[in-house]
Amino acid sequence: GLYMPEQGKSVCLLCDQGTFTDTQTQSTCALCPAGKDSTTTRESCTNCSVGLFAPTDGTPACFECNRGSFAPISGLSQCQLCPLGEYQPADGQDFCTKCPNGTYTAVLGQAACVPCDPGYFGNATGLSSCYACPPGTSSVRQSLTVSMTANRTTNHHSSPRQSSLHISVQTHVMHGLCTLVCCC
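Reading the values: the criteria
- Throughout this document, residue positions are counted from 1 along each chain, in the order its sequence is written.
- Residues qualify for local features only when their pLDDT is at least 70, as the model is predicted, and side-chain atom pairs are given and counted only at 80 or more; totals for whole chains, interfaces and linings, by contrast, use all residues.
- Hydrogen atoms and water are omitted, and side-chain values are computed over all heavy atoms in the structure.
- Two cysteine sulfurs form a disulfide in these notes if their separation is within 2.5 Å.
- A run of H or I in DSSP becomes a helix once it reaches four residues, and a run of E becomes a strand once it reaches two; helices and strands are each numbered from the N terminus.
- With a 1.4 Å probe rolled over the protein chains alone, any residue whose accessible area is under 20% of its type maximum counts as buried; one over 50% counts as exposed, and the rest are partly exposed.
- We call two residues contacting when some pair of their heavy atoms lies within 4.5 Å.
- Among the buried residues, those of types Ala, Val, Leu, Ile, Met, Phe, Trp, Tyr and Cys that are joined through side-chain atoms within 4.5 Å form a nonpolar core.
- The charged-residue count follows a simple rule in which Lys and Arg add positive charge and Asp and Glu add negative charge, with His and chain termini not counted at all.
- Salt bridge criterion: a side-chain nitrogen from Lys or Arg within 4 Å of a carboxyl oxygen from Asp or Glu.
- Residues adjacent in sequence count toward polar contacts only when both atoms are side-chain atoms; beyond that, a polar contact is any pair of N or O atoms within 3.5 Å, and within protein one must be able to donate a hydrogen and the other to accept it.

### Observations regarding the state of the cysteines
Point 1. Per the counting criterion, the structure on display carries 7 disulfides.
Point 2. Two residues, Cys-82 and Cys-96, share a disulfide whose sulfurs are 1.9 Å apart. Classification of the bridge connecting Cys-82 and Cys-96 rests on its S-S torsion, roughly -75°, and on that basis the disulfide is left-handed. Of this pair, Cys-82 sits in the loop between β10 (80-81) and β11 (86-87) while Cys-96 sits in the loop between β11 and β12 (97-98), and the two are 14 residues apart along the sequence. Just as Cys-82 is buried, Cys-96 falls in that class too.

### A closer look at the environment of Cys-99
Point 1. Residue placement: Cys-99 occurs in the loop between β12 and β13 (103-104).
Point 2. Relative accessible area serves as the criterion here: at 0%, Cys-99 is assigned to the buried category.
Point 3. Setting aside its immediate chain neighbours within four residues, Cys-99 contacts Gly-85, Glu-86, Tyr-87, Tyr-104, Thr-105, Cys-113, Ala-124, Thr-125 and Gly-126.

### Topic: the nonpolar core
Point 1. The biggest cluster of nonpolar side chains holds 5 residues, and these are Phe-53, Cys-65, Ala-71, Leu-76 and Cys-79.
Point 2. Once residues lying within four places of it in the same chain are set aside, the contact partners of Cys-65 are Gly-51, Leu-52, Phe-53, Phe-70, Ala-71, Cys-79, Asp-91 and Gly-92.

### Quick word on the side chain of Arg-42
Point 1. The residue Arg-42 is located in the loop between β5 (36-38) and β6 (45-47) in this model.
Point 2. There is no salt bridge for the buried Arg-42, and the closest opposite charge comes from Asp-16, which lies 6.7 Å off by N-O distance.
Point 3. Of note is the side chain of Arg-42, whose polar atom sits 3.1 Å from the backbone oxygen of Cys-15.
Point 4. At 3.5 Å, the side chain of Arg-42 forms a polar contact with the backbone oxygen of Asp-16.

Written out as structure tokens, the structure reads:
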């Protein structure tokens, strides 16, 4: 890990990070190859850990893979992009996760999955696209909620009853399945 920049001098210097030497008689340090970083003593190089990479020879440190990518083995010079149908939301990881039902990724290297559009469904994990709902079905379901409230006065005098009717329509997108469309 030490080198002598000027021959005949008794001063040895520690190699820079990303470089190494295994003898003290060297006048320069060698670059660690891509995918490796020098040890603390600078006497050798070690593989970058899983989830990390070193892109070029002499890289001073291993870097974390970005979101949407991963390094499944040690000693890589570049991270791999998550495949279609998979994602990775965090930096420095050694795996990607399959998209859950109702979602997909159609592009390599994604940090998140995309929900299926209305009229399409995804009934499996790890999809790279969603499927069109069959004729007569839809992935958008409308539900009708009806609630009725009646208020009555408790006064002994005769007074009219008060009542109100509340109707609300809610739309829910069902990403993972299609339902029958009913028109009445």
